[in-house]
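Residue-level listing of the chains:
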Amino acid sequence: MNDILNIKRRFLSRKKICKFCVDPNLKIDYKNPEILRSFLNEKGMIIHRKQTGTCAYHQRKLSIAIKRARIMALLPFVADVEME
Amino acid sequence: MFELLKPVKRFRKWESLFIIHPERLDEKDQVLEKIKQIVESKEGKILKIDEWGLRKLAYPIQKKKQGYYVLIEFYGLADLTKDLEEFFRIDERVIRFIIVKLKERFNPAEESAEVKEN
């Protein structure tokens, strides 16, 4: 029984902070790909919010912004393809 | 009572980002002029033009690696985007565009007051 509790405690130890809730000046905007880029992995895929710690509200806004930026070629759909 | 049945003119505010063909930059002013015509035909006005300049694209579009980005902010009657979208789609000088709604209800009289305050 104690083992199970210990395992549970290990997973709960890390506290998650939403970047956008902490700093209200930081706005999610599709025209600003520099901020959005930190929420993509090296392949160009959106990182899920369990890893980044973003809250559900901001993750929703973020995913829309990233998709808009991809349409306008500010962010890549697939990052592996290098332009020659 | 019949005053209620009059059609109400409803204004909205949008912004639009579009990419101009990098090899036809000399025709850039004509594109902007045409957009101005379309906006003004719907009683609107362009509030801001912001040219980002030539930028590298994240992936090639129509085999082009660069594009000239222009951001505009404008308002007009609610069905203005239909005309503007049609123009963007047909025109070959514009390779990509996006239109985003900023305000559902927009009052042109209020806007002029805001400008004066600033």
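Residues numbered from 1 in each chain as written. Chains lettered and ligands numbered in written order. Predicted model: local features only at pLDDT ≥ 70, side-chain atom pairs only at ≥ 80, totals over all residues.

Trainee: Explain the overall build of chain A to me, please; I cannot follow it from the model alone.
Mentor: Broken down by element type, chain A carries five helices and zero strands. Listed by position from the N terminus, the elements making up chain A come as α-α-α-α-α. Restricting to contacts in chain A with at least 6 residues of sequence separation, those with at least 24 account for 67%. (Helix = DSSP H or I, 4+ residues; strand = E, 2+ residues; numbered from the N terminus. Contact = placed C-beta atoms within 7 Å.)

Trainee: Even after reading the chapter, I still don't get the nonpolar core, so can you show me in this structure?
Mentor: Across soluble globular proteins, nonpolar side chains have a tendency to be buried as a group. Counting residues in hydrophobic clusters, the biggest one holds 34 residues, and the most contacted among them are Ala65(A), Ile66(A), Ala69(A), Phe18(B), Ile19(B), Ile20(B) and Val94(B). For this core, the elements supplying multiple residues, two or more each, are helix 5 (56-71) of chain A together with strand 1 (11-20), helix 1 (28-41), strand 2 (45-61), strand 3 (64-77), helix 2 (80-90) and strand 4 (94-106) of chain B. When neighbours within four sequence positions are excluded, Ala69(A) is seen to be in contact with Tyr30(A), Pro33(A), Leu36(A), Leu74(A) and Leu75(A). (Core = buried A, V, L, I, M, F, W, Y, C linked by C-beta atoms within 7 Å. Buried ≥ 20, exposed ≤ 12 C-beta atoms within 10 Å, placed from the backbone.)

Trainee: Just to check I follow, could you spell out the pairing of strand 3 of chain B for this structure?
Mentor: Where a strand is regular, its side chains alternate between the two sheet faces. Residues and elements named next belong to chain B. In this sheet, strand 3 lies alongside strand 1 in antiparallel orientation, the contact comprising 10 bridges. Within strand 3, the residue paired with Glu15 across the bridge is Glu73. As defined by bridge partners, strand 2 adjoins strand 3 across 11 bridges and the pair is classed as antiparallel. Bridge assignment links Lys48 to a residue of strand 3, and that residue is Glu73. Hairpin geometry of strand 2 and strand 3 is characterised by an intervening segment of two residues between the two adjacent antiparallel strands and by a positive phi of about 50 degrees at Gln62. (Pairing = 2+ DSSP bridges.)

Trainee: Is there a simple way to explain the interface of chain B and chain A in this structure?
Mentor: Quite often, the size of an interface is put as the accessible area lost when its parts meet. Facing 10 residues of chain B, the contacting portion of chain A comprises 11 residues. At the level of secondary structure, the elements contributing two or more residues to the side of chain B that touches chain A comprise strand 2, strand 3 and strand 4 of chain B. Top contributing element to the side of chain B that touches chain A by residue count: strand 2 of chain B, with five residues. Looking at the side of chain B that touches chain A residue by residue, the classes come out as seven nonpolar, one polar and two charged. (Nonpolar A, V, L, I, M, F, W, Y, C, P; charged D, E, K, R; others polar.)

Trainee: Would you take a moment to explain the environment of Leu84(B) for this structure?
Mentor: Residue and element names in this part refer to chain B. Looking at the element boundaries, Leu84 is found in helix 2. Look at Leu84 and you get buried, because 23 C-beta atoms sit within 10 Å. Among all residues touching Leu84, those that are not within four sequence positions of it are Ile38 and Ile99.

Trainee: Where do I start with unusual backbone geometry in this structure?
Mentor: All names here are of chain B. The phi angle at Gln62 is positive, at roughly 50 degrees, despite the residue not being glycine. Looking at where Gln62 falls in the secondary structure, it is placed in the loop between strand 2 and strand 3. Positive phi, close to 65 degrees, is recorded for Lys63, a residue that is not glycine. One can find Lys63 in the loop between strand 2 and strand 3.

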